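Next come the chains, spelled out residue by residue.
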Amino acid sequence: MYLTATNRLEIRTFEFSDVKTLMPILSDPDVMEYSSKGPLSEAQTAEFIDWCTHSYDELGYGQWAVIEKPSGRLIGYCGLSRTTVDGCDEVEIGYRLAKE
């Protein structure tokens, strides 16, 4: 399901079929340098996508797939996540994009 688009990008919900395309991005140490989880394996990437789809259903928001329109290629994600900071529930903005 597409949520929004610009001239160059589309943002849509993740699908399980995105694992193989997203995994090289999330396993890149440079992309994941500031992630608390570090680089992800294929299994961890699948768990991330599963978490995203549950977040859509439970919270109405989550991390969304970012697609480059000209190529149709998934280039990363952006969106909102629930997290706990200093014992308080918060919503944070997050993103990870392929280096290129």
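Here the structure is shown first, and the text comes after it.
### Side note on the side chain of Thr-45
- Residue placement: Thr-45 occurs in helix α2 (residues 42-59).
- Residues in contact with Thr-45, not counting those within four places in the same chain, are Val-19, Leu-22, Met-23, Leu-26 and Leu-40.

### Some points on the packing of aromatic side chains
- Under the counting rule described, the total for this entry stands at 4 aromatic pairs.
- Ring geometry for Phe-48 against Tyr-77: centres 4.8 Å apart, planes inclined by 40°, an arrangement best described as tilted. In this pair, Phe-48 is assigned in helix α2 and Tyr-77 in strand β4 (residues 73-85), connecting sequence segments 29 residues apart. Exposure class is identical for Phe-48 and Tyr-77. Each is buried.
- With a centroid separation of 4.1 Å and an interplanar angle of 5°, the aromatic rings of Tyr-56 and Trp-64 are classed as stacked.
- Exposure remark for Tyr-56: the relative accessible area of 13% places this residue in the buried category.
- Classification of Trp-64 by relative accessible area gives buried; the value is 14%.
- Connected via pairs of aromatic rings, a cluster forms that spans Phe-14, Phe-48, Trp-51 and Tyr-77.

### Re the sheet that holds β4
- One open sheet holds the 5 strands; their spatial order is β1-β2-β3-β4-β5, and the pairing between them is antiparallel. Each having just a single partner strand, β1 (2-5) and β5 (88-97) make up the two edges of the open sheet. The mean angle between the axes of side-by-side strands here comes to 20°, regardless of whether they run parallel or antiparallel.
- Here β4 runs beside β5; their pairing, made up of 10 bridges, is antiparallel. If you follow Gly-79 over to β5, its bridge partner there is Gly-94.
- Contacting β4 and β5, helix α1 (residues 19-26) runs over the sheet at an angle of about 70° to β4.
- Packing against the sheet, α2 makes contact with β3 (63-68) and β4, and its axis sits at approximately 115° to β3.

Conventions and cut-offs
- Residues numbered from 1 in each chain as written.
- Predicted model: local features only at pLDDT ≥ 70, side-chain atom pairs only at ≥ 80, totals over all residues.
- Heavy atoms only, no water.
- Helix = DSSP H or I, 4+ residues; strand = E, 2+ residues; numbered from the N terminus.
- Contact = heavy atoms within 4.5 Å.
- Phe/Tyr/Trp six-rings, centres within 6.5 Å; stacked < 30°, edge-to-face > 60°.
- Buried < 20%, exposed > 50% of the residue type's maximum accessible area, 1.4 Å probe, protein only.
- Pairing = 2+ DSSP bridges.
- Axes fitted to C-alpha atoms, helices over the stretch in contact; angles between N-to-C directions.

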